[in-house]
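Working through the structure, step by step
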Amino acid sequence: TTKRGHAGSSKISYTGEYTMRLRPSYSQFNIMTAQEQMSVYREMQNSGFLSFMSSYRASSSGVFGKMYHLINDYDPATGTFRLANTQEAMNDYLRGAEYCNTNWFEELFSNSIQHNHSISMSSGTDKAQYYTSFSIMSDPGWYERGKVSRYTANINANYNLNKRVSLNLIGNASYRKQEAPGTTGQETDVVSGEVKRDFDINPYSYALNTSRTLDPDEFYIRNNAPFNIHHELATNYMQLDVVDMKFQGELKYKPVRTVELSAIGAYKYSTTTQQHFIKETSNQAMAFRMMEDATMRDSNPWLYTDPDVINSLPVSVLPEGGFHRETVYKMNSWDFRATASYNDVFNEDHIVNAYGGMEINSIDRVATSNTKVGVLYDMGQLGNYDYKYFKQASEENNMYYSLNNGYSREVSFFGTATYSWKRRYIINGTVRYEGSNRLGRSTSARWLPTWNVSGAWNAHEEPWFYRTFKNTLTHATL
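Each chain carries its own residue numbering, running from 1 in the written order of its sequence. Where local features are concerned, this predicted model is filtered to residues with pLDDT of at least 70; where side-chain atom pairs are given and counted, the filter is 80 or more; whole-chain, interface and lining totals use all residues. Heavy atoms throughout the structure, all of them, feed into the side-chain values; hydrogens and water do not.

Re the nonpolar core
For this analysis, a nonpolar core means a set of buried residues of the types Ala, Val, Leu, Ile, Met, Phe, Trp, Tyr and Cys, connected via side-chain atoms within 4.5 Å. Working definition: with a 1.4 Å probe on protein chains only, accessible area under 20% of the residue-type maximum means buried, over 50% means exposed, and in between means partly exposed. Within the largest apolar cluster, 27 residues are counted, with the highest numbers of intra-cluster contacts made by Val63, Phe64, Met67, Trp104 and Ile229. No other element matches helix 3 (residues 63–72), which puts six residues into this core. What Val63 contacts, discounting residues up to four positions off in sequence, is Met38, Tyr41, Tyr93, Leu94, Ala97, Thr213, Leu214 and Tyr220. If you look at the next biggest cluster of nonpolar residues, it comprises eleven residues, including Phe288, Tyr304, Leu318 and Phe323. The numbering of helices and of strands both runs from the N terminus, where a helix is a DSSP run of H or I of at least 4 residues and a strand a run of E of at least 2. Contact criterion: two residues are considered in contact whenever any of their non-hydrogen atoms come within 4.5 Å of each other.

Here's what the structure looks like:
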């Protein structure tokens, strides 16, 4: 409402904003280097914590788990194992990891430049004034899967229909498209208070908490499945689309100098669509079908044991494909307010102000979500789901979709009046009567009347005040 055209002038202006963000640095944190981390790992190995037995089939493992997998991985083409089971070969492998010293901030972050471009145009005559603006914001992303684009448009038109009537029309719309790393909702352990997310791949958290001995181009074990952060961000990500629109009109009428009548109405619509793509080769999808041996099968929490089959073994509910989760939020709202104001001064001593009106608000909200199972992204996004996924969800009382509707209705009547005599003595009264459907079915609880009466004495407006306190006080109000 503050940006509007002016009579007798036409302007076109451009504004460009550029913001550069530097990638974080390990010098800002108290984090060990790869050499320091490896010394701790060696000490743990000597104490028996990183043995072959404990690391080879661990649900998540790093450089030692990778080493043991290489020792156990036979290459039929060469007739040898990928890493010889000798102390010398293991020392060479660990030495390479020690000097890897991966800088995860350099791997996942970049020195990005965000830019915002805006063009505004204004023009007007005595009868009408116009203001329009368009802007584009582009952010290539501070980290992988952090790209954002936004487009906005605004218009503000004011019409002076005659000396007593004016009309103001405002409209704005915006669209935002954003990428984000894929993740699940957070969970809180009510006993320990720990907050965690399954399959969390937030780049900032990953860079802070991941060992620097890991090779950024290698796959390690996480959730019993192969994991590489670059591959995971490419195959497990979210896309958000946000649309906002608002239209508003205000009509003002001054029948006489001291009275102004106003009516304003506004409509707003917004929708947010969030799509979570979990492709078939992502760690999150692979975790649902990892059961290479009995140890992994019994420890994998994402497998399903059918309670209707006696002595059944855990099986995968996602033998092929991945997931596609979609969540949509919609909001429709409208508002209307009508007011009347009266301001006048009588004989330069009596000041009277009165203001009153009514307002109505209505908001409707809809939130829906659904999960598509067994999506074959590499085969045209065809579906190949297993009925056991829905059987397990039914037994665990987990719905594969949700639908939530809500609405709010509010109405209020209000008024205030003020009388002042020579700005010395003031009395003010306010009354408000409002109701909402959120306060229950009972009419006695649904409606809330409030009122107050107040008064003030401005002693500094008295003729004797300045003579008495001219060197001490400037104002005094009771």
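Focus on unusual backbone geometry
Even without glycine at this site, Arg145 takes up a positive phi of about 65°. Mapped onto the elements of the fold, Arg145 is located in the loop between strand 5 (128–139) and strand 6 (148–160). The phi dihedral of Lys422 is positive, around 55°, even though this residue is not glycine. Among the secondary structure elements, Lys422 is positioned in the loop between strand 17 (401–421) and strand 18 (425–436).

Re the pairing of strand 6
Successive side chains on a regular strand alternate, one facing one side of the sheet and the next facing the other. Pairing geometry for strand 5 and strand 6, over twelve bridges, is antiparallel. Of the residues in strand 6, the one forming a bridge with Thr132 is Ile155. Whether two strands pair comes down to DSSP finding at least two bridges between them. Relative to strand 7 (residues 165–181), strand 6 runs antiparallel, the two sharing 13 bridges. Residue pairing across strands places Asn160 opposite Ser166, the latter belonging to strand 7. Where strand 6 hands over to strand 7, the hairpin turn is made up of four residues, counted between the paired strands.

Details of the side chain of Asn236
Secondary-structure assignment places Asn236 in strand 12 (residues 236–256). Residue classification places Asn236 among the buried residues on the basis of a relative accessible area of 0%. There is a polar contact of 3.0 Å between the side chain of Asn236 and the side chain of Gln284. Residues contacting Asn236, with those up to four places away along its chain left out, are Pro181, Gly182, Ile201, His276, Phe277, Ile278, Ser282 and Gln284. Any pair of nitrogen or oxygen atoms within 3.5 Å is treated as a polar contact; in protein, a donor-acceptor pairing is required on top of that, and neighbouring residues in sequence qualify only through side-chain atoms on both sides.

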